[in-house]
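Structural overview
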Amino acid sequence: SQTIHQWPATLVQPVGSPLSLECTVEGTSNPNLYWYRQAAGRGLQLLFYSVGIGQISSEVPQNLSASRPQDRQFILSSKKLLLSDSGFYLCAWSTGGPEQYFGPGTRLTVT
Amino acid sequence: DQQVKQNSPSLSVQEGRISILNCDYTNSMFDYFLWYKKYPAEGPTFLISISSIKDKNEDGRFTVFLNKSAKHLSLHIVPSQPGDSAVYFCAAIMNRDDKIIFGKGTRLHILP
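Residues numbered from 1 in each chain as written. Chains lettered and ligands numbered in written order. Predicted model: local features only at pLDDT ≥ 70, side-chain atom pairs only at ≥ 80, totals over all residues. Heavy atoms only, no water.

1. Describing the overall build of chain A
What chain A contains, in helices and strands, is 0 helices and 11 strands. Taken from N to C terminus, the helices and strands of chain A fall in the order β-β-β-β-β-β-β-β-β-β-β. Here the C-alpha radius of gyration of chain A, 13 Å, is about what a compact globule of 111 residues would show, namely 13 Å. With respect to the three principal axes, the spread of C-alpha positions in chain A is 35 × 25 × 20 Å. Partitioning the contacts of chain A with sequence separation of at least 6, the portion at a separation of at least 24 is 53%. (Helix = DSSP H or I, 4+ residues; strand = E, 2+ residues; numbered from the N terminus. Rg over C-alpha atoms; globule rule 2.2 N^0.38 Å. Contact = heavy atoms within 4.5 Å.)

The structure is reproduced here in structure tokens:
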């Protein structure tokens, strides 16, 4: 069966520090991968999605970036965090069908 | 501009009664609609979906109704149980696109 892992589960970082969140999927090949952010009162906002290694599409202009160095690995990064980057970050995967399956999430607090 | 709207931020329902969660959308090109359930500090879990060519899909206690002319869908949970207390997200997708568009969610409280 397929599983999706995200780490860390929680993170507290100062403004201006770098960020690296990792997501890995097991039990499937060539998944579509997604990064979402859930901010208070904003629902789920799609940040990036990837249909293959090295293929990244950005949905929202921001100081975040994403990379997909391996088929089942998706990384969310920032060189300098802003206060507004605080939120709950979710990774998801799909096999091209309409349903997406989410990881447990990372709670990021920028102080 | 929100393409998927959940106008009720919260809803309280007595245990055993029917919970009805509503969702409106603006884009007639959506091919598929989904409902996700989310507990605090966890990722959303897929609940039920419906294709735009159907008007009803049922799975156990959960039924989703789609009214294309009104661009409206609803999720019915009957009977409501304490474990149903969560945030419910309505979402929509176009077949030509791999991106799901989510509503802002409705928090459902099941009262004892």
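Moving on from the model shown.
2. As for the overall build of chain B
Check the secondary structure of chain B and you find 0 helices and 11 strands. Walking chain B from its N terminus toward its C terminus, one meets helices and strands in the order β-β-β-β-β-β-β-β-β-β-β. A compact globule built from 112 residues should have a C-alpha radius of gyration of about 13 Å, and chain B, at 13 Å, falls within 12% of that. Along the longest, intermediate and shortest principal axes, the C-alpha atoms of chain B span 45 × 30 × 20 Å. For chain B, with 112 residues in total, the buried portion stands at 46%. (Buried < 20%, exposed > 50% of the residue type's maximum accessible area, 1.4 Å probe, protein only.)

3. Some thoughts on the pattern of salt bridges
All names here are of chain A. Enumeration according to the criterion identifies 4 salt bridges over all chains in this entry. Asp85 is the salt-bridge partner of Arg37, the closest N and O atoms lying 3.8 Å from each other. One end of the pair, Arg37, is in strand β4 (residues 32–39); the other, Asp85, is in the loop between β8 (73–78) and β9 (87–94), and 48 residues separate them in sequence. Take Arg37: its relative accessible area is 12%, and that puts it in the buried class. Relative accessible area serves as the criterion here: at 3%, Asp85 is assigned to the buried category. (Salt bridge = Lys/Arg side-chain N within 4 Å of Asp/Glu carboxyl O.)

4. Some words on the interface of chain B and chain A
Contacts between the two partners involve 19 residues from chain B and, on the opposite side, 22 residues from chain A. Both faces considered, chain B and chain A share a buried interface measuring about 1,600 Å² in area, 62% of it formed by carbon and sulfur atoms. The interface formed by chain B and chain A contains 1 salt bridge. Looking at the side of chain B that touches chain A, the elements that each hand over two or more residues are β4 (32–38), β5 (45–51), β9 (86–93) and β10 (100–102) of chain B. (Buried area = accessible area lost by both parts, 1.4 Å probe.)

5. Comments concerning the sheet that holds strand β7 (residues 64–70) of chain A
Residues and elements named next belong to chain A. Read across the sheet, 4 strands follow the order β1-β3-β8-β7 without closing on themselves; strand pairing throughout is antiparallel. Edge positions in the sheet fall to β1 (3–7) and β7, since each has one partner strand and no second. Averaged over all adjacent pairs, the angle separating strand axes in this sheet is 20°, with direction ignored. (Pairing = 2+ DSSP bridges. Axes fitted to C-alpha atoms, helices over the stretch in contact; angles between N-to-C directions.)

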